[in-house]
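For reference, the chains in residue letters:
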Amino acid sequence: MAEAGPGFLEQLKSCIVWSWTYLWTVWFFIMLFLVYILRVPLKINDNLSTVSMFLNTLTPKFYVALTGTSSLISGLILIFEWWYFRKYGTSFIEQVSVSHLRPLLGGVDNNSPSNSNTNNGDSDSNRQSVSECKVWRNPLNLFRGAEYNRYTWVTGREPLTYYDMNLSAQDHQTFFTCDTDHLRPADAIMQKAWRERNPQARISAAHEALELNECATAYILLAEEEATTIVEAEKLFKQALKAGEGCYRRSQQLQHHGAQYEAQHRRDTNVLVYIKRRLAMCARKLGRTREAVKMMRDLMKEFPLLSMFNIHENLLEALLELQAYADVQAVLAKYDDISLPKSATICYTAALLKARAVSDKFSPEAASRRGLSTAEMNAVEAIHRAVEFNPHVPKYLLEMKSLILPPEHILKRGDSEAIAYAFFHLQHWKRVEGALNLLHCTWEGTFRMIPYPLEKGHLFYPYPICTETADRELLPSFHEVSVYPKKELPFFILFTAGLCSFTAMLALLTHQFPELMGVFAKAFLSTLFAPLNFVMEKVESILPSSLWHQLTRI
């Protein structure tokens, strides 16, 4: 039997703390009611007799009002808890109990020195989680003018979020600017243009820069944002390539003359690589796939150290379009290495190649009778490996969730990466006969291998807890973000729902059967106060009556 992980224990502690606090609060208000409403300077027995007399005189309407009000309050709390859970993914009551009540009741602070050894022991895994929550540039991102804006014109929806576009603006300032831009008027204008939030202001600034000089970054901006078709974008990128190559050759000769020249050469290198990569993507989108593959191979040979652009993922997609599976395997052999960062493209392409060897003859019924062959076992293990890395992808490949345009940035192992992968690779899975059927039959078996994905992994590090929050920032609001692991309803939503239903049922029964429910209420209250009555009699028999008389007068 699997052991309960730390997350479960934390939730259990929170439930116990809050339930205990809730019971004590209810008991406190009951005693407050009895003391301030029924206080008289009599002995304890007389007070209890007065309480009993008061309860006996209550009409059924009082009980109906009491239970109905309790049901209404519980229902309001339930609605608020449900709204808070849908918006923030956690229970408000649980969050308050963990943050405020548990320290007051003697809970252990996570920052205390006693936990320092545990925290140090988990530092490696935490550091890995932080690195896996890093947002990456989407290697296959679309063109804003020719693709994203066209979607907006047709549907009236914005496919990109402000957070995503802000990250792109930061990337552009990092890749396309340097400290010496102020020395060249056109580059100085473009340095300001990349910081503009208004698209029309950026486009106007790019035209202004081109009036002064042949500026490669100005052509890039126009190709990305002003061009309304891929053909127009390719034409502008070719002009950018001509200007960028000239700047690159000049800065290459001067790069060793000082730090400023080296920074300028680094900027010109980034510009040239970006232009060539986008030209290859234009060729791929226009159907010239072999030309695109050649351009990507040449680019990877010319600049082998610039892995931040992940050009090999563009190459894998183009090779799959050509059905050059041997070349795909050769690329995977180089990049699917244990020392290199993984991606959904790497893991799922490896799974597709292994599934291709057996998927055309695979049958679940036959496999259950005779067992899996070695090749089928390898394919299933590859699918389990891919699903463990990113569990959101299969629902898009199997068309269980609708696709949207991929964002300009993705979170590895998140829903944004799954959308970006499935958007371009769904056609390749459909082309391999039986591949989607094999995926459909086997992908859910991954979750039996990792019952606690947030606490321990199987082939990869534990699944990071930050993906949902980051994906909500990257993906548009009209898209329902895929969440893994699927969050169960918090204890307090279930508790409040049960309390609301129970009190509503009591109100209905009291309204329909007032005499019978009155008998039950009196019997319940008598049983509830019997231990208290017994304790008070013992206390009164021990302590002097004069002391009790003074206490009742307070």
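Thresholds, definitions, all that
Residues numbered from 1 in each chain as written. Predicted model: local features only at pLDDT ≥ 70, side-chain atom pairs only at ≥ 80, totals over all residues. Heavy atoms only, no water. UniProt positions renumbered as here; feature names shortened; annotations may be inferred. Helix = DSSP H or I, 4+ residues; strand = E, 2+ residues; numbered from the N terminus. Contact = heavy atoms within 4.5 Å. Areas by Shrake-Rupley, 256 points an atom, 1.4 Å probe, with all protein chains shown as cover. Axes fitted to C-alpha atoms, helices over the stretch in contact; angles between N-to-C directions. Parallel < 35°, antiparallel > 145°, perpendicular 65-115°, else oblique. Left-handed = near helix turned anticlockwise from the far one by under 90°. Nonpolar A, V, L, I, M, F, W, Y, C, P; charged D, E, K, R; others polar.

- In the nomenclature of an unreviewed UniProt entry, the protein corresponds to Suppression of tumorigenicity 7 from the organism Vombatus ursinus.
- Per UniProt, the comment on the protein under Sequence similarities (unreviewed entry) is "Belongs to the ST7 family."
- Under Subcellular location (unreviewed entry), UniProt gives the following word-for-word description of the protein: "Membrane".

Side note on the overall build of the protein
Point 1. Helices and strands together make up the secondary structure of the protein, namely 26 helices and two strands.
Point 2. Residue pairs in contact within the protein that sit at least 24 positions apart in sequence constitute 71% of those at least 6 positions apart.
Point 3. Accessible area for the protein stands at about 31,000 Å²; split by element, carbon and sulfur atoms hold 60% of it.

Considerations on the packing of helix H17 (residues 344-356) against helix H21 (residues 415-431)
Point 1. Running from N to C, H17 and H21 point in directions that differ by 30 degrees, and their axes come no closer than 10 Å. Accordingly, the angle class assigned to the pair H17 and H21 is roughly parallel. At the point where H17 passes H21, the crossing takes the right-handed sense. Here Ala344, Thr345, Tyr348, Thr349, Ala351 and Leu352 of H17 come into contact with H21, specifically with Glu417, Tyr421, His425, His428 and Trp429.
Point 2. Here the residues of the contact of H17 with H21 sort into six nonpolar, four polar and one charged.

A few points about the packing of helix H15 (residues 311-321) against helix H16 (residues 325-335)
Point 1. At their nearest, the axes of H15 and H16 sit 9 Å apart, and the two run at 160 degrees to each other. Taken together, the axes of H15 and H16 lie roughly antiparallel to each other. As for the relative orientation of H15 and H16, their crossing is left-handed in sense. Side by side, H15 and H16 meet where His312, Leu315, Leu316, Leu319 and Leu320 of the first sit next to Tyr325, Asp327, Val328, Val331, Leu332 and Tyr335 of the second.
Point 2. Across the contact of H15 with H16, the residue classes break down as nine nonpolar, one polar and one charged.

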